[in-house]
Amino acid sequence: MALKERDRFSTATRLRILGEQTAERVYRSQTRRQARRSRLTGRAALLALVVCSLVVALAYPIRQYVAQRAEIADLEREQRQAQQRVEDLRDLKARWQDDAYAEQQIRQRLHYVMPGETGYVVIDPDAAKQSRTDTGAADRPWYSNVWDGVDKSDAADQ
């Protein structure tokens, strides 16, 4: 026992005990730190910040680019339609230069006849019945007739 007492106060024993206690404290603090530490490291947070700032910085220019591409496509479509309309009008102008076409259109649209010919106008029987049913409109106020005309034109569009 005297040997143990003496061994307890020796410097080597004290250093060994002190080292063991320190190792236990370090081990306990590391296990606590590891249990508390989240998976998000500083590098990962920095990377997330950089990616988010890039997304925010590039969102508006990309939106503008897409909008401009759509506008360009619309303008090109309108240009093709305008070119087609110009071609159609040139064809129509060329047809009107022909005297036979002009005469045909005058006869058809204006109901002109050549000297010595007899002109006839054929009336559609359905149109005649329709005009007979509209004779009752004279008995009503003018605004009712206007409103009926609006309703008829709206029904024709549908």
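Shown above is the structure to which this text applies.
On a predicted model such as this, the values are computed, not experimentally measured, just so you know.

Peer 1: Got a sec to walk through the overall build of the protein? Specific residues and values, please.
Peer 2: From N to C terminus, the protein includes 6 helices and 0 strands. Ordering the α and β elements of the protein from the N terminus gives α-α-α-α-α-α. Relative to its 158 residues, the protein shows a buried fraction of 3%. Counting every atom, the protein has about 15000 Å² of accessible surface; 58% of that belongs to carbon and sulfur.

Peer 1: Give me the lowdown on helix 3 (residues 42-97), citing residues and values where you can.
Peer 2: Taking 1.5 Å per residue, 56 residues should reach 82 Å; helix 3 reaches 82 Å between its end C-alpha atoms and fits that length. Roughly 35° is the biggest bend found in helix 3, and it falls at Ala59, with proline Pro61 one to four residues downstream.

Peer 1: Describe a nonpolar patch on the surface, and please don't skip the residues or the numbers.
Peer 2: Where nonpolar side chains cluster on the molecular surface, the patch consists of Leu46, Leu49, Val50, Leu54, Leu58, Ile62, Tyr65 and Val66 and spans about 800 Å² of accessible area. Along the chain, Val66 turns up in helix 3.

Peer 1: Tell me about the packing of aromatic side chains, and please be specific about residues and values.
Peer 2: One pair of aromatic rings is described through two measures. These are the centre distance and the angle between the planes. Throughout the structure, instances matching the rule amount to 2 aromatic pairs. Ring plane angle 80° and centroid distance 5.3 Å describe the contact between Trp96 and Tyr101, whose orientation is recorded as edge-to-face. Taken together, a centroid distance of 5.8 Å and an interplanar angle of 80° make the contact between Trp142 and Tyr143 edge-to-face. For Trp142, a relative accessible area of 64% gives the class exposed.

Peer 1: How would you summarise helix 4 (residues 99-110) if you had to cite specific residues and measurements?
Peer 2: Here helix 4 contains 12 residues, and its C-alpha end-to-end distance of 16 Å stays within 8% of the 16 Å for a straight helix at 1.5 Å per residue. All of the buried residues along helix 4 are Tyr101, Ala102 and Gln105. Along the axis of helix 4, the buried positions cluster into a sector of 95°, meaning they face one direction only. Away from its buried face by more than 90 degrees, helix 4 exposes Asp99 and Ala100. Buried residues belonging to helix 4 abut helix 3.

Peer 1: With reference to specific residues and values, describe the packing of helix 3 against helix 4.
Peer 2: It is at 5 Å that the axes of helix 3 and helix 4 come closest, and there the two elements cross at 95°. Taken together, helix 3 and helix 4 sit at an angle that is classed as roughly perpendicular. Listed contacts from helix 4 to Leu92, Arg95, Trp96 and Gln97 of helix 3 are Asp99, Tyr101, Ala102, Gln105 and Arg109. Residue composition of the contact of helix 3 with helix 4, grouped by class: 4 nonpolar, 2 polar and 3 charged.

Peer 1: Help me get a handle on the pattern of salt bridges, residues and values and all.
Peer 2: Taken as a whole and judged by the stated rule, the model has 6 salt bridges. For Asp74, the salt bridge goes to Arg77, with nearest N and O atoms at 3.9 Å. Of this pair, Asp74 and Arg77 both sit in helix 3, 3 residues apart, which is roughly one turn of the helix. Residues Arg90 and Glu87 are paired through a salt bridge, measuring 3.3 Å at the closest nitrogen-oxygen approach.

Peer 1: Before we move on, can you summarise the side chain of Gln105 with the specific residues and values?
Peer 2: Mapped onto the elements of the fold, Gln105 is located in helix 4. Look at Gln105 and you get buried, because its relative accessible area is 8%. The contacts of Gln105, once residues within four sequence positions are left out, are Trp96 and Leu110.

Reading the values: the criteria
- Residues numbered from 1 in each chain as written.
- Predicted model: local features only at pLDDT ≥ 70, side-chain atom pairs only at ≥ 80, totals over all residues.
- Heavy atoms only, no water.
- Helix = DSSP H or I, 4+ residues; strand = E, 2+ residues; numbered from the N terminus.
- Buried < 20%, exposed > 50% of the residue type's maximum accessible area, 1.4 Å probe, protein only.
- Areas by Shrake-Rupley, 256 points an atom, 1.4 Å probe, with all protein chains shown as cover.
- Expected span 1.5 Å × (residues − 1).
- Bend = angle between axes of the 7 residues up to and from the residue.
- Patch = residues over 30% accessible without salt bridge, like charges linked within 9 Å, V, L, I, M, F, W, Y side chains within 5 Å.
- Salt bridge = Lys/Arg side-chain N within 4 Å of Asp/Glu carboxyl O.
- Phe/Tyr/Trp six-rings, centres within 6.5 Å; stacked < 30°, edge-to-face > 60°.
- Arc of directions from axis to C-beta.
- Contact = heavy atoms within 4.5 Å.
- Axes fitted to C-alpha atoms, helices over the stretch in contact; angles between N-to-C directions.
- Parallel < 35°, antiparallel > 145°, perpendicular 65-115°, else oblique.
- Nonpolar A, V, L, I, M, F, W, Y, C, P; charged D, E, K, R; others polar.

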